Amino acid sequence: MQEIRSIVDLKEFNQLIFFVSNLKKNDLKNSFILDCYNLRLQFEKATDKELDNLKNTYIHNLESKFRLLTPKIVDYKTSKTDKNISTIRHGFNLLKRVKELEYIRKKVINEKAFSNLDNDFFADNFDTFLTSIEPETIIEKIHISFNNLKPNDIYIEEVNQIITALEIFDYSFDECVKGLNSFVVKTNKECEFETILSKIRLYNIEQPFVALASNYGVPQNRERVLFIGCRKDQKLISNIPSTVNQNDKVNVFEAIYDLDFIGNDDERFDYEKINLKAQYNGSTEKMKSLIKKRNVDGKPNENDGLSYSEWSRKGRLNGRFVNAKNPFYVRNLKNLKAL
């Protein structure tokens, strides 16, 4: 859901950057954090090369802040030998190379799959390594290292700012929006903020809903969680109405009765006609009554519908798309009809 909500209209994006810049004027105490949000938001509209430079700038700013903080919280000898200080410094170096680390992750995952590493003594070590180079894990270790240093209370605020800034670095767009909300409320700019967001987000999405397959003509009680994202210029869709009511759901018999000619381990490529009378002598009419004419979505249609098995045959056998055309693009319905 966050990924859908994080798809933005870049043409409108500068409004948000300008808005966050103005927040600083009313909240100088948190100017560093708001600068971090501003820089993080710029990741959204950057090209690959620009993004690398922005991320390096972001971490470089944190390094500079930490460099000034270090002599306040530890002595010179500790700053050169302590494992926690080294972890923080090296963590910054790793975060500068998140692109390279992501490439390594993909290569390791591919190698793990190629070598079929699962349920063995290798799998856990591979998984541990993959987790260790994720930005979230790197940031967590930096956080732990700061805690281990036990800085004096008068410097806790500076430490917390660095930790918060690291978390912002790994935020999605939607997480940035949530994080900014407290600053927006403090300055009484909620309406302006929501107006800007409504223009920026290309898609709107509410909470997901659970769809039951049997409500849509499938002979299974299979539940699926669905997320629906709608363009900002469209009416929001929050659910998909059922096509089949409780009494008209497809039963197992009408779904597969026509496959009764196939035995265990048989391989067939052509249909054989099923003789219901021979199979269900004395209850033929009862069994026939279970078979209904339906639309493709399962909704009963005695006039123009097909049985479930007839619809299924259109998708069961090889060669069913022999007359299909290659994919093509048209700008609108008018152009499609002109073909």
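Residue positions within a chain follow its written sequence, with the count starting from 1. Where totals are concerned, whole chains, interfaces and linings use all residues; where local detail is concerned, this predicted model gives features only for residues with pLDDT of at least 70, and gives and counts side-chain atom pairs only at 80 or more. Hydrogens and water molecules were not included; the side-chain quantities draw on all heavy atoms of the structure.

### Some points on the overall build of the chain
Turning to step 1, where the next piece is worked out: The secondary structure content of the chain amounts to 17 helices and four strands.
Turning to step 2, where the next piece is worked out: Against the compact-globule benchmark of 20 Å for 339 residues, the chain has a radius of gyration of 30 Å, which places it well outside the compact range.
Turning to step 3, where the next piece is worked out: Expressed as lengths along the three principal axes of its C-alpha atoms, the size of the chain is roughly 95 × 55 × 40 Å.
Turning to step 4, where the next piece is worked out: For each residue, the accessible area found with a 1.4 Å probe, counting protein chains only, is set against the maximum for its type, and the residue is called buried under 20%, exposed over 50%, and partly exposed in between. A burial count over the chain gives 33% of its 339 residues as buried.
Turning to step 5, where the next piece is worked out: Residue contacts follow a heavy-atom distance rule, with two residues in contact if any of their heavy atoms lie within 4.5 Å. By sequence separation, contacts in the chain at least 24 residues apart represent 66% of the contacts at least 6 residues apart.
Turning to step 6, where the next piece is worked out: Carbon together with sulfur atoms contributes 50% to the accessible area of the chain, which is approximately 22,700 Å² in total.
Turning to step 7, where the next piece is worked out: Think of it this way: Lys and Arg go in the positive column, Asp and Glu in the negative one, and His and the chain ends go nowhere. In this description, the location of a charge corresponds to atom NZ of lysine, CZ of arginine, CG of aspartate or CD of glutamate. The averaged location of the 49 negative side-chain charges in the chain is 5 Å from the averaged location of its 53 positive side-chain charges. Helix and strand assignments follow DSSP, with helices taken as H or I runs no shorter than four residues and strands as E runs no shorter than two, numbered in order from the N terminus. The globule rule used here is 2.2 Å times the number of residues to the 0.38 power, and the radius of gyration it is set against is calculated over C-alpha atoms. Note on areas: Shrake-Rupley, 1.4 Å probe, and residue coverage restricted to the protein chains presented here.

### Comments concerning the packing of aromatic side chains
Turning to step 1, where the next piece is worked out: Only rings of Phe, Tyr and Trp enter the pairing, Trp through its six-membered ring, and a pair is recorded when the two centres are within 6.5 Å. The plane angle decides the type: under 30 degrees is stacked, over 60 is edge-to-face, the rest tilted. Inspection of the entire model under this criterion finds 10 aromatic pairs.
Turning to step 2, where the next piece is worked out: Look at F19 and F193: their rings are 5.4 Å apart centre to centre, the planes differ by 15°, and that puts the pair in the stacked class. Note that F19 is positioned in helix α2 (residues 13-26) and F193 in helix α12 (residues 190-200), a separation of 174 residues in sequence. Per residue, the accessibility class of F19 equals that of F193, and both read buried.
Turning to step 3, where the next piece is worked out: One aromatic cluster is present, built from ring pairs that chain together F43, Y58 and F169.
Turning to step 4, where the next piece is worked out: Directly above the ring of F32 sits K65, whose terminal nitrogen or CZ lies 4.5 Å from the centroid. In our convention, an over-ring charge means Lys NZ or Arg CZ found within 6 Å of a ring centre and within 35 degrees of that ring's normal.

### Some remarks on the pattern of salt bridges
Turning to step 1, where the next piece is worked out: In what follows, salt bridge is the name for a side-chain nitrogen of Lys or Arg lying within 4 Å of a carboxyl oxygen of Asp or Glu. What the rule picks out here adds up to 13 salt bridges.
Turning to step 2, where the next piece is worked out: E254 serves as the salt-bridge partner of R294, at 2.8 Å between the closest nitrogen and oxygen. With R294 in the loop between α15 (284-288) and α16 (308-316) and E254 in helix α13 (residues 252-256), this pair connects stretches of sequence that are 40 residues apart.
Turning to step 3, where the next piece is worked out: Residue classification places E254 among the buried positions, given a relative accessible area of 1%.
Turning to step 4, where the next piece is worked out: Members of the salt-bridge network, linked through shared partners, are E102, R105 and E134.

### Thoughts on the nonpolar core
Turning to step 1, where the next piece is worked out: Ranked by internal contacts, the top residues of the largest apolar core, which has 54 residues, are L16, L41, Y58, F92, L95, F146 and F173.
Turning to step 2, where the next piece is worked out: The dominant element in this core, judged by the number of residues it contributes, is helix α4 (residues 48-73), at eight residues.
Turning to step 3, where the next piece is worked out: Not counting the four nearest positions on each side in its chain, L95 is found in contact with I59, P135, I138, I139, I142, L166 and F169.
Turning to step 4, where the next piece is worked out: By size, the runner-up hydrophobic cluster in this structure holds six residues, among which are F253, Y257, F261 and I274. Throughout this description, the term nonpolar core refers to a set of buried Ala, Val, Leu, Ile, Met, Phe, Trp, Tyr and Cys residues connected via side-chain atoms within 4.5 Å.

### Regarding helix α11 (residues 173-186)
Turning to step 1, where the next piece is worked out: Under the 1.5 Å per step criterion, the end-to-end length of α11 is 21 Å for 14 residues, consistent within 8% with the ideal 20 Å.
Turning to step 2, where the next piece is worked out: At L180, α11 shows its maximal kink, close to 35°.
Turning to step 3, where the next piece is worked out: When α11 is considered as a whole, its buried residues turn out to be F173, D174, C176, V177, G179, L180, F183 and V184.
Turning to step 4, where the next piece is worked out: Note on α11: the residue one or two positions beyond its end, N188, has a positive phi of about 55°. The length a helix should cover is 1.5 Å for every residue beyond the first. A residue's bend is the angle separating two fitted axes: one through the seven residues that end there, the other through the seven that start there.

### Focus: the environment of F13
Turning to step 1, where the next piece is worked out: Within the element layout of this structure, F13 appears in helix α2.
Turning to step 2, where the next piece is worked out: A residue is classified by how much of its surface remains accessible, and F13, at 0% relative accessible area, is buried.
Turning to step 3, where the next piece is worked out: Note: C-alpha distance between F13 and R201 (188 residues apart in sequence) is 9.3 Å.
Turning to step 4, where the next piece is worked out: Beyond its immediate stretch of four places on either side in the chain, F13 contacts V8, L41, E44, K45, F173 and I200.

### Describing the packing of helix α6 (residues 83-96) against helix α7 (residues 98-114)
For any two helices packed against each other, the geometry is given by the interaxial angle and the distance between the axes.
Turning to step 1, where the next piece is worked out: Between α6 and α7, whose axes approach to 5 Å, the crossing angle comes to 75°. Judged by the inter-axis angle, α6 sits roughly perpendicular to α7. Residue-level inspection shows L94, L95 and K96 of α6 in contact with α7, the latter providing V98, E100 and L101.
Turning to step 2, where the next piece is worked out: Here the contact of α6 with α7 is composed, by residue class, of four nonpolar, no polar and two charged. With axes taken as lines fitted to C-alpha atoms, and helix axes fitted only over the stretch in contact, angles between N-to-C directions fall between 0 and 180 degrees. Throughout, the term roughly parallel applies to angles under 35 degrees, roughly antiparallel to angles over 145, roughly perpendicular to angles from 65 to 115, and oblique to all others. Amino acids are sorted into nonpolar (Ala, Val, Leu, Ile, Met, Phe, Trp, Tyr, Cys and Pro), charged (Asp, Glu, Lys and Arg) and polar (every other residue, Gly among them).

### Comments concerning the confidence of the model for the chain
Turning to step 1, where the next piece is worked out: In the predicted model, the chain carries a mean pLDDT of 88, and 94% of its residues have values of at least 70.
Turning to step 2, where the next piece is worked out: Mean pLDDT across the elements of the chain ranges from a minimum in helix α1 (residues 2-5), with 61, to a maximum in α6, with 97. Per-residue confidence from the predictor is reported as pLDDT, a score between 0 and 100.

### Section: the side chain of T284
Turning to step 1, where the next piece is worked out: Residue placement: T284 occurs in helix α15.
Turning to step 2, where the next piece is worked out: Look past the residues within four positions of T284 in its chain and what remains in contact with it is L276 and K277.

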